[in-house]
Amino acid sequence: MAAPVSERDQLAYISNQAADARVNLEFESEGMTLNMGPQHPATHGTLRILAKLDGERVISCEPMPGYMHRGYEKLCEVRTYPQVTTLVNRIDWLGSFANEVPWILAAEKLMGIEAPPRAQHIRTILFELSRIGNIALFLGDLGIQLGGITVGFYAFRDREHVLNQVEAVTGGRFHPNFDRIGGLKDDLPKGWIAETKAAMVKVQKFCDQVEDLLIGNEIFQARTRGIGIIPPHVAESYGLSGANARGSGIDWDLRRDNCPPGLVYDKCDWTVWTHPDGDSFSRSWIRLQETREAAKIVDQLLDTIPSGAIMAKVPRIIKVPEGEAYVATENPLGEMGYYLVSKGDLNPFRVKIRSASFNNISIVPWLCKGVYVPDVISILASLYFILGDIDR
Amino acid sequence: MSSVDAPPDSPAEAAEPEAPRDAVREALLGRLTEELGSEIVGSHIRVGDDLWVRVTRDAWPSVADIVSRKMKFRFFDFLSGLDWLPSPFGRDMDSQEDITVHGTLPKELPPMASGYAGGDTRFQVFARVYSLTDHIGITFKADLPDDDLSVGTWSTVYAGANWHERECWEMYGFSFNGHPHLKHLYLPGGFEGNPLRKDFPLLARRVKPWPGIIDVEPMPGVADEEGGE
């Protein structure tokens, strides 16, 4: 178990890793090969990790995704634009609504239509609710990975408040399939605003509990501080986004810096948190703060929902004009975007899905080189990935 | 926001003065032209939104170098391929219901046409980089001739391109010269074919046609009156 590390040790660790970064070991020398997964509990699904060990140290570590590859980019090409939302719901299945939004925004951009203000507002609220639902589970899972099961139970309990609200609007806890080109499928049910406000209070309380139980915990800090350090320039070149980038001190949030039209983040007051350390702890801490900020955003937006239509006038058969567009939003896991190529048909010609976890996890071979085996678990947990988001 | 499409123009000729201008992206394109000269073979600006630049295949690796080192586009978004061949299998959706809704499908294939910034070949490799200081993204494209689908790697500049190139290699069959570790990422080792190419059939649809649009859900606010709370 790693003790708290001095600054000198941290720098040595970084330089060691940097020196090794370009060397690609081919598993040819002596040593033990450890296979984690595909069914390892630390892998949230079916990520297989092939680690080569020298004693307790990892010499090289190679993630092997693909056990859940569903070929969405190909499947999108034979579906109509509205049908695609059903597919992309299943990419990051903990924050499903957030997957639909950039897709819808990309189609809206090419069609030149915009959702009515009320729809944009509710869209943003649901976006943030799915962020809370997603990251709450991360916080719980982080505890489970490091031996603090209690937080996991709290997370599953309190996430339910948010999922109930999502279900009340959309009818689905996990796969809402609710966003439409030009607006939303339905309006809010009666009494929903008050219930959601109450749920946000519970979310804030949950965050306080996590802070007490986990983030402030001495064992947790010993396991995560100074472990898995990612310097900002490495994070950039790997395309790390979301809390992983902000945990390395990169002050960048697509909601604030490049918010696509169709979401109303500019109408509320919130903070983008960054942490200079770049270690597992900072990534976890950022996500905790993000949950709080998301609850704050939802709370503010609930007060200002404008009245009006929920759906713009769109043709019944949706054909998207010829063109290309890339729209990305700040999803729970990081930057999620769709590069959409349309030929003016009922179905997209080509869809490139830029999912956050794919880039976030591609740093693992670099990051896990030279760490101890138990730290692989805490690093993976703090990088936070959803298998569906890697494999698509 | 409805974005206005500026007509695709080559960097040599000036854009029409009456169209809305995007000074930032034009300056960016000017800077790129300065660095790359005639290696830029096409470009497209959507005002206030995005920039597409098509470069020659030979210049592809040096583009990464220039934009990341000299122009501060250090954030790597993604890299993938494009296949402009119209799908020989149509939409695979011509079930009875679709035919009644949309009429019969045209059987002859439309001519092959490339997207923004143009293109002369069936395959293109494309990638997107982003500037974390200016919050602007650029999409780069490069043509790959059918007889030699290889291009230089970006993974020496952008470490994140490593996995993207592996994916592109197995999905499109492009090879990336200088890539350290070009092996299967998603597909099993002995897989034959390149699934994302347009001439690779989606077998599920060949075996069982899509049921098509059976029930059309009425648009809210159109068929039924405003719900509201």
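Each value, and the rule that gives it
Residues numbered from 1 in each chain as written. Chains lettered and ligands numbered in written order. Predicted model: local features only at pLDDT ≥ 70, side-chain atom pairs only at ≥ 80, totals over all residues. Helix = DSSP H or I, 4+ residues; strand = E, 2+ residues; numbered from the N terminus. Rg over C-alpha atoms; globule rule 2.2 N^0.38 Å. Buried ≥ 20, exposed ≤ 12 C-beta atoms within 10 Å, placed from the backbone. Contact = placed C-beta atoms within 7 Å. Nonpolar A, V, L, I, M, F, W, Y, C, P; charged D, E, K, R; others polar. Axes fitted to C-alpha atoms, helices over the stretch in contact; angles between N-to-C directions. Parallel < 35°, antiparallel > 145°, perpendicular 65-115°, else oblique. Pairing = 2+ DSSP bridges.

A.B. asks: Any chance you could explain the overall build of chain A here in plain terms?
C.D. replies: A tally of regular secondary structure across chain A gives 16 helices and eight strands. In terms of overall dimensions, chain A is globule-like: its C-alpha atoms have a radius of gyration of 21 Å, near the 21 Å expected for 392 residues. Taken along the three principal axes of its C-alpha coordinates, chain A extends 65 × 45 × 35 Å. Out of the 392 residues belonging to chain A, those deemed buried represent 56%.

A.B. asks: Teacher, can you tell me more about the interface of chain B and chain A here?
C.D. replies: When the parts of a complex come together, some accessible area is lost, and that lost area is often taken as the interface size. Tallying the contact residues gives 42 residues for chain B and 45 residues for chain A. If you list the elements that add at least two residues to the side of chain B that touches chain A, you get β3 (75-83), β5 (136-144) and α4 (161-172) of chain B. Sorting elements by how many residues they give to the side of chain B that touches chain A places β3(B) first, with six residues. The residue makeup of the side of chain B that touches chain A, split by class, is 20 nonpolar, 13 polar and nine charged.

A.B. asks: Would you mind going over the packing of helix α5 (residues 117-145) of chain A against helix α15 (residues 373-383) of chain A with me for this structure?
C.D. replies: When two helices pack together, their arrangement is captured by the angle between the axes and the distance separating the axes. Residue and element names in this part refer to chain A. Two numbers describe how α5 lies on α15: the axes approach to 10 Å, and their chain directions differ by 175°. Taken together, the axis directions place α5 and α15 in an arrangement best described as roughly antiparallel. Between α5, through Asp141, Leu142 and Gln145, and α15, the contact on the second element is made entirely by Ile377, Ser378, Ala381 and Ser382. Grouping the constituent residues of the contact of α5 with α15 by class yields three nonpolar, three polar and one charged.

A.B. asks: Help me understand the sheet that holds strand β7 (residues 334-342) of chain A, please; the structure alone is not making it clear to me.
C.D. replies: Through backbone hydrogen bonds, the strands of a sheet pair up, either in parallel or in antiparallel fashion. Residue and element names in this part refer to chain A. Pairing in this open sheet of three strands is antiparallel, and the strands run β6-β7-β8 from one edge to the other. Each of the sheet's edge strands pairs with one partner strand only, and the pair in question is β6 (323-331) and β8 (350-354). In this sheet, neighbouring strand axes are inclined to one another by 10° on average, regardless of whether the strands run parallel or antiparallel. Here five bridges tie β7 to β8, and the two strands are oriented antiparallel to one another. Residue pairing in the sheet places Gly337 in a bridge with Arg354 of β8. Each of β6 and β7 touches helix α4 (residues 96-111); the most contacted strand, β6, lies at about 150° to it.

A.B. asks: Please clarify how the sheet that holds strand β3 (residues 57-64) of chain A should be interpreted in this entry.
C.D. replies: All names here are of chain A. Strand order in this open sheet of three strands is β1-β2-β3, and the pairing throughout is antiparallel. Where the open sheet ends on each side, the last strands, each with one partner, are β1 (32-36) and β3. Neighbour to neighbour, the strand axes of the sheet diverge by 20° on average, direction disregarded. Pairing geometry for β1 and strand β2 (residues 48-54), over five bridges, is antiparallel.

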